[in-house]
Amino acid sequence: MATCSRCGDEFNVSTARRSIGQKYGAGSYDDYFPDGDVCEECADLELGSAEAEGAEVMDLMDWEWD
């Protein structure tokens, strides 16, 4: 079991990778956390925030998804 560098909880890296990959796309976990040192909950908070911020920027700039 690994220890999260953010919250200090123990977690399974494979489970975190799989869960984050299902929610944000394959490879997302490794792209953001290449050291595999962030638990699923902390990773979800960070990636969810980044996704929401990107959507807000696109809305403010009147961009549309093709």
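Because the structure is a prediction, the values reported are computed rather than measured. (Residues numbered from 1 in each chain as written. Predicted model: local features only at pLDDT ≥ 70, side-chain atom pairs only at ≥ 80, totals over all residues. Heavy atoms only, no water.)

## Side note on the state of the cysteines
Stage number 1. Taken as a whole and assessed by the stated rule, the structure comprises 0 disulfides.
Stage number 2. Free cysteine C42: the closest other cysteine sulfur is in C39, separated by 3.6 Å. (Disulfide = S-S within 2.5 Å.)

## Quick word on a negative patch on the surface
Stage number 1. On the surface, D9, E10, E40 and E41 cluster together to form a negatively charged patch.
Stage number 2. You can see E41 is positioned in helix α3 (residues 40-60). (Patch = residues over 30% accessible without salt bridge, like charges linked within 9 Å, V, L, I, M, F, W, Y side chains within 5 Å. Areas by Shrake-Rupley, 256 points an atom, 1.4 Å probe, with all protein chains shown as cover. Salt bridge = Lys/Arg side-chain N within 4 Å of Asp/Glu carboxyl O. Lys, Arg positive; Asp, Glu negative; His and termini not counted. Charge placed at Lys NZ, Arg CZ, Asp CG, Glu CD. Helix = DSSP H or I, 4+ residues; strand = E, 2+ residues; numbered from the N terminus.)

## A word on the nonpolar core
Stage number 1. With 12 residues, the main nonpolar core is built from C4, F11, V13, A16, I20, Y29, F33, V38, C39, C42, A43 and L47.
Stage number 2. Discounting residues that sit within four places of it in the chain, A16 has contacts with F11, Y29, V38, C39 and E40. (Core = buried A, V, L, I, M, F, W, Y, C linked by side-chain atoms within 4.5 Å. Buried < 20%, exposed > 50% of the residue type's maximum accessible area, 1.4 Å probe, protein only. Contact = heavy atoms within 4.5 Å.)

## Concerning the environment of D37
Stage number 1. Inspection of the secondary structure assignment puts D37 in the loop between α2 (28-32) and α3.
Stage number 2. Put simply, D37 and R6 are 31 residues apart on the chain and 8.3 Å apart in space, counted from C-alpha to C-alpha.

## What to know about the pattern of salt bridges
Stage number 1. Summed over all chains, the structure comprises 3 salt bridges.
Stage number 2. Between E46 and R6 there is a salt bridge whose closest N-O contact spans 2.5 Å. With E46 in helix α3 and R6 in the loop between β1 (2-3) and β2 (10-11), this pair connects stretches of sequence that are 40 residues apart.

## Describing the packing of aromatic side chains
Stage number 1. If you walk through the whole model with that rule in mind, you get 2 aromatic pairs.
Stage number 2. Ring geometry for Y29 against F33: centres 5.4 Å apart, planes inclined by 50°, an arrangement best described as tilted. Like F33, Y29 is buried.
Stage number 3. For the ring pair Y32 and F33, a centre distance of 6.2 Å and an interplane angle of 45° mean the geometry is tilted.
Stage number 4. Accessibility expressed as a relative area gives 3% for F33, which makes it buried.
Stage number 5. One aromatic cluster in this structure is built from Y29, Y32 and F33. (Phe/Tyr/Trp six-rings, centres within 6.5 Å; stacked < 30°, edge-to-face > 60°.)

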